[in-house]
Structures are given as C-alpha cells and as structure tokens.
2 protein chains.
Amino acid sequence: MEMRVAPVLVRYGGVVLPPGFRFHPTDEELVVQYLRRKAFGLPLPAAVIPDLCNLYKLDPWDIPGAASDDGERYFFAVRPAAAAAGGGRCRRQLQATASGFWKPAGGRDKPVLASRYGGSHLVGVKKDMVFVPRRGKGSEAAAGCSWVMHEYSLALPLRNKGCLAQAEEWVVCRIFQRSRSPRRPADHDARRTQRRRSPSTSASSCVTSSSDQEEVSSG
Amino acid sequence: MEMRVAPVLVRYGGVVLPPGFRFHPTDEELVVQYLRRKAFGLPLPAAVIPDLCNLYKLDPWDIPGAASDDGERYFFAVRPAAAAAGGGRCRRQLQATASGFWKPAGGRDKPVLASRYGGSHLVGVKKDMVFVPRRGKGSEAAAGCSWVMHEYSLALPLRNKGCLAQAEEWVVCRIFQRSRSPRRPADHDARRTQRRRSPSTSASSCVTSSSDQEEVSSG
C-alpha cells in the first residue's frame, strides 16, 4: 500500500473533510442546526441531509443512496400532521409501504433538549420506529436484521411555523439496520466499536455498506 | 433560544466544521492517515491530534486539554521500544505514573488492517489498556470510573522507519473514561447512543466533559 505525501481529503456528502471526520450529530444538533433551519427555510450549515419527501412510502431497502461507512443515512422527510396527532392504526396506514409499515418501537418518545445558555429547552421529539414487513416480504428481515428509523420532529410550540402546509411538517430521519439478536458486549469499549468500521461486529454484519465517501486530492 | 440566520460553524481542534461533524476515526484511518504520517514526518491531514510525548508519565486526570463532547481525547505519544518488546513488569515500570500505571486490559492485541485495493494489509496494532491506581490514589476510580487507553502502534515491518530514535517510536492514543459497571443495553440502538451526548448513559455519566468545541461565525 503506497502512501501519498499530500494528505488525502474525503468528500462527505457536500462537505470536504480530512479523514477521520464524520457526520455524527447529537440529537440537539440534528434538531436545532438542521431540522429547525429546514422548517424555517433558513440556510443549512452543510448539504449532508437530502430531501426525501416520500420516505414513508418507500420500503427501506428501496431508499436511494448509499449508507455511510457506519451504515447510517439521514433524510429530511415530510410527515402528514395526522401521523403525529393520531396514533395506532391511523399512523400505521399513513406510513404503510408496499411491503410493510413503520411501527413505533415501543418506549416513550424522547424529548430533545437544547442545553444552551445553561438551561434546558425542549426543541424536538425523537421517535424510534422499526419496520414491520408483511409476511413473505423483506428478505432482510429473515436474515436476522431489522430496519430502524429515528424520526426527529420539532417540539409542539414550533410545529406550525414555517411548515410546508397546515397539515404537513418536516421531520429528519436517521435510518440504519440492526441485528435482531445483538451480542451484549461486556463493556463500553465494545459498544464504541459499533460506530467504527468493523466487519466483525454483529450489528453491522448485515449492512451492505457501500461507502459514500470518495477521496479528493488535496490542493 | 434565538436562532441565528447564518449557519454556525464549529472549531474542532484545528478544523472548522459545520455542526454535527466530529473526529471519529476508524482504526485504519488513525493508523494510516495520522500515525504513519507522523512517524514518517509527512504532513498530517488535520491538526487535531496534539503531541504529548510524556503521556505515559502522567496520571490520566493530569492529562492536559479538554475532552471532546463524547469524552474522547487523542494524543501522539512517544513509547520506548522496550515497552513494546518486553511485557509484564518491564512495561509496567516504563509506564508508571505518580499514582499508578497503565496495564494491558487483557485480551489479545488487535491487528489494524487496511482494506484498500481489495486486500487486507496489516498496518498497525491496537492495544487496550486500563489505568490501575495505587491504593488510596485516584478518586475517580473510587467513583466507579476507570481510565481507558487505546494505544495504536505501527505494525512491525514499519516500526523502525522514520522513528524518533532507534529505541523510541510514535504511537497514537485514544483516552476516555468508562463506567466500571456498565449497563448492558438490550440492542444496538442503545449502544449507538453511547457515542452521542447523552447525560443518562452510564458509560459517560462520570466524564466531566467540558466541550472543546467553540462556535465560529460563518463568513
């Protein structure tokens, strides 16, 4: 393996970075710096999250674009407000795809707090969802993997400002696959390696991760 | 909480980034893009890893600089070659600090492979170490936290090229704290949140994480 003398830069979505840097936003950053700006029509800090308005209508394996090397993909999507207000069957029907539907993974929605200026402000809501394929659909499900979506929406007081229409709102979603029978690592260290490129970790073993990073010769 | 119209940029070490981007290198990136370049005296892709030649002589709580918001710190350090060659007591004495010593955490050293060009090349070795305080020393240890070091060195064939001296070599180290009684999360998702800013996760609960990120107004 040769070594180039000039450092290599890596294109990550629309951003050119030195190697080792990744888009690993906190919940707060996703909501405050990206989703809020999107909903208000303000310029975004970086062009790393594409719009995919019909995200909820797509089977997860049909979602376009390659996952990053850690198997994550981020999208802005448009959610009918009814999906937020109504639970259960209403939401399920709105989010049905050709081969199944996205179902809340159980557990309460998690508030997203902004910690700026010493206080804690509610800025968003994080909802964990899992894709439930109908019988006979979804070969990935049979292989022991499930698709997970973290859906971030703006907190209620902000919801109707600057949205697409009265009955629609922007959300930002993180989508990835996870093993259905994850190993239980003995310590923090093992958990950390989940986020690194590691072919031996069970959680990423079924992600067909074609990297979206490409090298750029530095100037 | 006001929202500025111009996107905010964040200074991360020597690199200015849009929010949400972090230095989360893979093992391969750390060794190939940073440690190898350091050892060969080549320009580094980014000034994000400071030199701390006497790292092994410092108690972990005396290591300078603030941890990033996920509690990690990276340093280039100089290791006596004897520490690599000799195990056990030799290594321990070389790496003794005022209040304890760094001890291999058990388990084999992990090879770091470069996956470029379809093949797998051994480029480095990752050694996990844990800080063992002497009795009565290290209040952090009593609080249920331990200090962990991931020490990356170049693979044997490269070790003596371009090093400081015949008996010394550059290593790159990742240092962080972890809980001694980590929770065992039920799924991959819980493990993922370990890498995000989450005050409720046990693994990061004892890290006094003062962020080293500062905001920069974008031009």
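Up top you'll find the structure we're talking about.
So, here is what we can say about the structure in this document. None of the values given here were measured: they were computed from a predicted structure.

Examining the state of the cysteines
Phase 1 of the analysis: A complete count under the given rule lists zero disulfides over all chains for this structure.
Phase 2 of the analysis: The thiol sulfur of Cys53(A) is not disulfide-bonded, and the nearest other cysteine sulfur, from Cys173(A), lies at 11 Å.

Observations regarding helix α1 (residues 27–40) of chain A
Along an α-helix, residues three or four apart share an orientation, since each turn contains 3.6 residues.
Residue and element names in this part refer to chain A.
Phase 1 of the analysis: With 14 residues, α1 should cover 20 Å at 1.5 Å per step; its first-to-last C-alpha distance of 18 Å lies within 8% of that length.
Phase 2 of the analysis: The largest bend along α1 measures about 25 degrees and falls at Tyr34.
Phase 3 of the analysis: In terms of residue burial, α1 counts as a mostly covered element, since 13 of its 14 residues are buried.
Phase 4 of the analysis: Gly41 sits one or two positions beyond α1 and adopts a positive phi of about 70 degrees.

Let's talk about the pattern of salt bridges
Phase 1 of the analysis: Scanning the entire structure with this criterion turns up 14 salt bridges over all chains.
Phase 2 of the analysis: Here Glu29(B) and Arg22(A) are joined by a salt bridge, their closest N and O atoms 2.9 Å apart. Of this pair, Glu29(B) sits in helix α1 (residues 27–40) while Arg22(A) sits in strand β3 (residues 21–23), which puts the two residues in different chains.
Phase 3 of the analysis: The closest approach of N and O atoms between Arg79(A) and Glu151(A), which form a salt bridge, is 2.5 Å.

Let's talk about the pairing of strand β9 (residues 168–179) of chain B
Where a strand is regular, its side chains alternate between the two sheet faces.
Residues and elements named next belong to chain B.
Phase 1 of the analysis: Along β9, 11 of the 12 residues are buried, which leaves the element largely enclosed by surrounding structure.
Phase 2 of the analysis: Where strand β4 (residues 73–80) meets β9, eight bridges bridge the pair, whose relative direction is antiparallel. Note on β9: the bridge partner recorded for Val78 is Trp170.
Phase 3 of the analysis: Note: strand β8 (residues 145–154) against β9, eight bridges, orientation antiparallel. Within β9, the position partnered with Val148 by the bridge is Phe176.

Some details on the packing of aromatic side chains
Residues and elements named next belong to chain A.
Phase 1 of the analysis: Per the stated rule, a full pass over the model turns up 12 aromatic pairs over all chains.
Phase 2 of the analysis: Seen in terms of ring centroids, Phe76 and Trp170 are 6.3 Å apart; in terms of plane orientation they differ by 75 degrees. Their pairing is edge-to-face. Taken together, the residues span a long stretch of sequence, with Phe76 in strand β4 (residues 73–80) and Trp170 in strand β9 (residues 168–179) at a distance of 94 residues. Accessibility assignment for this pair places Phe76 and Trp170 in one class, buried.
Phase 3 of the analysis: Lying across the ring of Trp170, Lys38 places its NZ or CZ 4.9 Å from the centre.

Each value, and the rule that gives it
Along each chain, residues carry numbers from 1 onward, in the same order as the chain's sequence is written. The order in which chains are written sets their letters, starting at A; the order in which ligands are written sets their numbers, starting at 1. Restriction of local features to residues with pLDDT of at least 70 applies here, the model being predicted, together with a cutoff of 80 or more for giving and counting side-chain atom pairs; totals for whole chains, interfaces and linings are based on all residues. As a convention, hydrogens and water are excluded, and side-chain values are obtained from all of the structure's heavy atoms. Cysteine sulfur atoms that pair up within 2.5 Å are treated as a disulfide. Each helix is a run of DSSP H or I of at least 4 residues and each strand a run of E of at least 2, with the numbering of both proceeding from the N terminus. Here the expected length of a helix is defined as 1.5 Å per residue gap, with one fewer gap than residues. Working definition for bend: take the seven residues up to and ending at a residue and the seven starting at it, fit an axis to each, and measure the angle between the axes. Only protein chains enter the accessibility calculation, which uses a 1.4 Å probe. A residue is then buried if its area is under 20% of the maximum for its type, exposed if over 50%, and partly exposed in between. Any Lys or Arg side-chain nitrogen found within 4 Å of a carboxyl oxygen on Asp or Glu counts as a salt bridge. Only strands joined by at least two bridges in the DSSP assignment are considered to pair. Aromatic rings from Phe, Tyr and Trp, taking only the six-membered ring of Trp, are treated as a pair when their centres fall within 6.5 Å; an angle between ring planes under 30 degrees marks them as stacked, one over 60 as edge-to-face, and anything in between as tilted. Criterion for a charge above a ring: Lys NZ or Arg CZ within 6 Å of the ring centre, and within 35 degrees of the ring normal.

Geometry only, nothing functional implied.
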